[in-house]
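# Fold and geometry: a report
Chain by chain, the residues run as shown.
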Amino acid sequence: MSITADTVYRPQVPPRRSGGPLSTPAFLWLSWRDPLRIWSDRHFELPQIHGRGLFGEMLVVSHPDGVRHVLTENAANYVKGDLQRRVLGPLLAEGLLLAEGEDWRRARRIMAPLFTPARIGGLTRRMAEVCKARIAGWSLAPQGRIMDMDSELSGLTFDILSATMFSDDLGGQAAGFERALNSYLSAGARIDPLDVMGAPDWAPRLGRIASHRSAVFFEKRVTALVAARRARVDAGHPAPPDLLTALLTARDEGGGRGLSDSEVAANILTFILAGHETTARALGWTLHLLSRQPEVMARVQAEADGFDIDQPGWADRLPWIRAAFEETMRLFPPAPTMARKALEADVIGGQAIGAGTTVVISPWVLQRHRRLWDDPDAFKPERFLPENRKAVDRYAYIPFSAGPRVCIGASFAVQEAMIALAVILREAQVEAITRAEPRPVHQVTLRARRPIELRLRKRRAA
């Protein structure tokens, strides 16, 4: 079965504007309403765009050499922007995502041993067990049922996170966490114009007010979880060898101090947002794309039918499943935009910039850039098959970022996604129910504006 130009699927994207820079009111409005629409046609054609405006100097970098320079070669000169800290800081200020300097380096050293390939490999069987149990609970039938995949996949990835990282101490709370997370992302995590303008923290943000209840929910649940496990560890009682125990007992090299309870809580919330939420969204987009391209679906289902988690080298036997997931993250990167602030003057791609310049790298733009990709808006998983993968520039494809701050859980997320897709597609025939396209919207992560709904039919007896 061949995939031709006539069968390639090109998902719809938000309309791209033409022309030059946005006016300040238009920029503020789109940043709050739909940040994906701030990008114009020229962003997908030019290697970088430099400008100065009301909010200072800005450089948008969309070429691999510049991305490498900012994220790897001169990474010490670039820190997370103030905007991200203002938006996510109320919940994640002490977590690995937002920490800077020595605080970040210490936390990264402590947590790195928790995400080694050997440790992640030891969790894969549990991932598969959780997937099988969750999908059995869907009670699929040959006639099929229409399912809200955003909700179902959020529950699935939350179950995996709870089972593998917290020994099911979060079990039974998936629905509450999902509701709170949806509320937080739709209101509190939006880019408020006051944040863009650098207004003081005491100035009220409508989104933060609207999401206050969700933030309190997260803080109470996670604080209680940390306190209960801390009491167990301090009392000398056996504690499960999971991420939570490791976070509480880990010490910096040379006998340095460990993480405080507030740092542990912030990192748990970071893993929920950066691990559970992003993987769930990427899985939903993957199933949507597969439902629109039967030729690719047939290939991944053939791999799923032979999936066996106990078979050595199981991941190497799923090249199309992995390729489909990676191509999905190219088209729908979980984190669509990164912003950095230059601590000192620098030169990027021949452009001199001053200290304090905001440098923006957008995977949404970079991974659809016309100079870097053939047919950039098409869903073509074959780009990421083993024989083609080496042709993809490391810094043209950065769904997990790159350099020293590359996502610490990238390997966990990819293996989790491959297992989930294999188990789902072995049991279910996934079908589109409408020609209408789910529209992506940037709410910290890249979500569908309306839930992705698909019909799932049972393929065979379990």
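Everything that follows concerns the structure shown earlier in this document.
Right, let's walk through the structure included here. Not measured: the values here are computed from a predicted model.

## Observations regarding the sheet that holds strand S9 (residues 428-432)
Overall, antiparallel pairing links the three strands, which are arranged S4-S12-S9 in an open sheet. The outermost strands of the open sheet, each flanked by one partner alone, are strand S4 (145-148) and S9. Strand-to-strand twist of the sheet, defined as the mean angle between neighbouring strand axes without regard to direction, takes the value 40 degrees. Bridge analysis of S9 against strand S12 (residues 453-458) gives five bridges, and the strand direction is antiparallel. Looking at S12, one finds that Glu-431 is bridged to Arg-455. Strands in contact with helix H7 (residues 149-165) are S4 and S12; relative to S4, the strand with the most contacts, it is inclined by about 65 degrees.

## Section: unusual backbone geometry
Phi is positive for Asp-375, which is not a glycine, with a value near 50 degrees. With respect to the helices and strands, the residue Asp-375 is situated in the loop between helix H16 (363-366) and helix H17 (386-389). Here Asp-375 falls in the partly exposed class, since its relative accessible area comes to 25%. With a phi close to 65 degrees, Ser-401 is a non-glycine residue in the positive phi region. Accessibility expressed as a relative area gives 10% for Ser-401, which makes it buried.

## So, the nonpolar core
Counting 108 residues, the largest nonpolar core has Leu-247, Ile-268, Leu-287, Val-300, Ile-419 and Leu-456 as its most contacted members. With 14 residues, the top contributor of residues to this core is helix H13 (residues 261-291). Apart from the residues within four sequence positions on either side, Ile-268 is in contact with Phe-166, Val-222, Leu-225, Val-226, Leu-244 and Leu-247.

## So, empty space enclosed by the protein
For the structure shown, the criterion picks out two cavities of 30 Å³ or more. Counted as a void, the second largest cavity has a volume near 30 Å³. Contributing to the lining of the second largest cavity are Val-13, Pro-14, Pro-15, Arg-16, Leu-36, Trp-39, Phe-44 and Trp-364. Looking at the lining of the second largest cavity, its residues break down into seven nonpolar, no polar and one charged.

## Remarks on helix H6 (residues 124-136)
Spacing of three or four residues puts side chains on the same side of an α-helix, whose turn is 3.6 residues. Helix length check: H6, at 13 residues, gives a terminal C-alpha distance of 18 Å against a target of 18 Å (1.5 Å per residue), a fit within 8%. Among all positions in H6, only Thr-124, Met-127, Ala-128, Val-130, Cys-131 and Ile-135 are buried. Along the long axis of H6, the arc covered by the buried residues comes to 165 degrees, so they all point the same way. Exposed and oriented more than 90 degrees from the buried face of H6 are Arg-125, Ala-133 and Ala-136. Looking at the packing, one finds that the buried side of H6 touches helix H5 (117-121), H7 and helix H18 (410-427).

Reading guide: rules and limits
Along each chain, residue indices are assigned from 1 in the same order as the chain's sequence is written. Local features are withheld for residues below a pLDDT of 70 in this predicted model, meaning they are given only at 70 or higher, and side-chain atom pairs are given and counted only at 80 or more; totals for whole chains, interfaces and linings count all residues. Side-chain measures here rest on the full set of heavy atoms in the structure, leaving out hydrogens and waters. If DSSP finds at least two bridges between two strands, the strands pair. Secondary structure is summarised from DSSP: a helix means a run of H or I of at least four residues, a strand means a run of E of at least two, and numbering begins at the N terminus for each. Every angle, taken between N-to-C directions, lies between 0 and 180 degrees, and every axis is a line fitted to C-alpha atoms, over only the stretch in contact when it is a helix. Should any heavy atoms of two residues lie within 4.5 Å, those residues are counted as being in contact. Note on classification: 1.4 Å probe, protein chains only; a residue is buried when its accessible area is under 20% of the maximum for its type, exposed when over 50%, partly exposed between these limits. For the purposes of this section, nonpolar cores are sets of buried Ala, Val, Leu, Ile, Met, Phe, Trp, Tyr and Cys residues that join through side-chain atoms within 4.5 Å. Here a cavity denotes grid points, spaced 1 Å and computed from the protein atoms alone, that fit a 1.4 Å probe unable to get out, and a pocket denotes an open set having protein on both sides within 12 Å along at least 5 of 7 lines; residues with an atom within 4 Å of a point are the lining. Grid points are joined across faces, edges and corners, and a volume is the space filled by probe spheres set on the points. Each residue is assigned to one of three groups, with Ala, Val, Leu, Ile, Met, Phe, Trp, Tyr, Cys and Pro labelled nonpolar, Asp, Glu, Lys and Arg labelled charged, and all others, Gly among them, labelled polar. Helix span is expected to be 1.5 Å times the residue number reduced by one. As used here, the arc is the angular range of directions from the helix axis to the C-beta atoms.

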